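Now for the letters of each chain:
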Number of protein chains: 2
Amino acid sequence: MEEFQMCPKFEDAFELLGKRWTGLIIRTLLGGKKRFSDVAAAIPHLSARMLTERFKELEKQGVVERKVYSETPVRIEYELTEKGRDLSKVMDEIQIWAEKWIK
Amino acid sequence: MEEFQMCPKFEDAFELLGKRWTGLIIRTLLGGKKRFSDVAAAIPHLSARMLTERFKELEKQGVVERKVYSETPVRIEYELTEKGRDLSKVMDEIQIWAEKWIK
């Protein structure tokens, strides 16, 4: 069925974005690069351990980049890649839908 | 932080949409109401047991409506509600992103 040709990519995207916290982490980083502690502070109930895990997955998927600055003390920031920033429209549409429909 | 006021709704939306197969099921039904077997046939590797489970969840969330027609034999169809149809833009944006970025 030609109309379902894109199924695997669509499904892969959903598996990536659908994990708990991932959407909120991406949305937080859409506001600009941030330190680990800033992201953790912005998302209530997200543990440091879980955030570490999610960052690793998002780095592996090429959505987030971890930047290490050789300063004293060393500064580490997390930033969306182009692939990550390109999710802004998806996030906007989900936000619009959620505001309308989630009670 | 005012900018994160919508977090719970946004997160709830992600939890609903992020489950395996849910995106594909909604996308299939965006093409119009369908019988169980038609949805199953349209999504390779999705088992009947899993589809039953997902339909129940989506009904509970008010995204899908199960319609029973008193015919012989009885006809049962699954259709998106207004809440479900309203996801078309979300699905479109995810599709665009996936086609561009998922290898």
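A brief report on the enclosed structure follows. (Residues numbered from 1 in each chain as written. Chains lettered and ligands numbered in written order. Predicted model: local features only at pLDDT ≥ 70, side-chain atom pairs only at ≥ 80, totals over all residues. Heavy atoms only, no water.)

## Details of the overall build of chain A
1) Next: Along the backbone of chain A there are 6 helices and 2 strands.
2) Next: Ordered by position in the sequence, the α and β elements of chain A form the string α-α-α-α-β-β-α-α.
3) Next: Put simply, chain A has 103 residues, and 44% of those count as buried.
4) Next: Across chain A, the fraction of contacts at a sequence separation of at least 24, relative to all contacts at a separation of at least 6, is 49%.
5) Next: As displayed, chain A has an accessible area near 5800 Å², and 49% of this comes from carbon and sulfur atoms.
6) Next: Of the side chains in chain A, 19 bear a positive and 18 a negative charge, and the two mean positions are spaced by 6 Å. (Helix = DSSP H or I, 4+ residues; strand = E, 2+ residues; numbered from the N terminus. Buried < 20%, exposed > 50% of the residue type's maximum accessible area, 1.4 Å probe, protein only. Contact = heavy atoms within 4.5 Å. Areas by Shrake-Rupley, 256 points an atom, 1.4 Å probe, with all protein chains shown as cover. Lys, Arg positive; Asp, Glu negative; His and termini not counted. Charge placed at Lys NZ, Arg CZ, Asp CG, Glu CD.)

## Things to note about the packing of aromatic side chains
Residues and elements named next belong to chain A.
1) Next: Going through the model one piece at a time under the given rule, you end up with 8 aromatic pairs over all chains.
2) Next: On the numbers, 5.2 Å between centres and 65° between planes, the contact of Phe 10 with Phe 14 is edge-to-face. One end of the pair, Phe 10, and the other, Phe 14, are both in helix H1 (residues 7-17), 4 residues apart, so they sit about a helical turn from each other. Residues Phe 10 and Phe 14 agree in their burial class; the two are buried. (Phe/Tyr/Trp six-rings, centres within 6.5 Å; stacked < 30°, edge-to-face > 60°.)

## So, the pattern of salt bridges
1) Next: Per the counting criterion, the structure on display carries 16 salt bridges over all chains.
2) Next: In this structure, the salt-bridge partner of Glu 57 of chain A is Arg 54 of chain A, at a minimum N-O distance of 3.2 Å. In this pair, Glu 57 of chain A and Arg 54 of chain A both sit in helix H4 (residues 48-60), 3 residues apart, roughly one turn of the helix.
3) Next: On the basis of relative accessibility, which here comes to 7%, the residue Arg 54 of chain A falls in the buried class.
4) Next: Of the charged contacts, one joins Arg 54 of chain B and Glu 53 of chain B as a salt bridge, the two residues approaching to 3.6 Å between their closest N and O atoms.
5) Next: The network of salt bridges with common partners includes Lys 19, Glu 53, Arg 54 and Glu 57 of chain A. (Salt bridge = Lys/Arg side-chain N within 4 Å of Asp/Glu carboxyl O.)

## Let's talk about the environment of Lys 83 of chain B
1) Next: With respect to the element layout, Lys 83 of chain B can be found in helix H5 (residues 82-85).
2) Next: Counting along the chain gives 22 residues from Lys 83 of chain B to Gln 61 of chain B, while the straight-line C-alpha distance between them is 9.2 Å.
3) Next: In this structure, Lys 83 of chain B is in contact with Trp 97 and Trp 101 of chain A together with Gln 61, Gly 62 and Val 63 of chain B, ignoring residues within four places of it in sequence.

## Regarding the relation of the copies chain A and chain B
1) Next: With an RMSD of 0.0 Å, the fit of chain A onto chain B corresponds to turning through 180° and sliding 0.0 Å along the axis. Here the copies are linked by what is in effect a two-fold axis. Taking the C-alpha atom as reference, chain A places Gly 18 of chain A closest to the rotation axis, 1.7 Å from it.
2) Next: Here 100% of the interface residues in chain A have copies in chain B that are interface residues too; the copies meet face to matching face. (Least-squares fit on C-alpha atoms with pLDDT ≥ 70 in both.)

## Focus: the pairing of strand E2 (residues 75-80) of chain B
Residues and elements named next belong to chain B.
1) Next: Relative to E2, strand E1 (residues 64-69) runs antiparallel, the two sharing 6 bridges. Its bridge partner being in E2, Tyr 69 is matched across the sheet by Arg 75.
2) Next: What sits between E1 and E2 in their antiparallel hairpin is a turn of 5 residues. (Pairing = 2+ DSSP bridges.)

So yeah, pure geometry; function would need other evidence.
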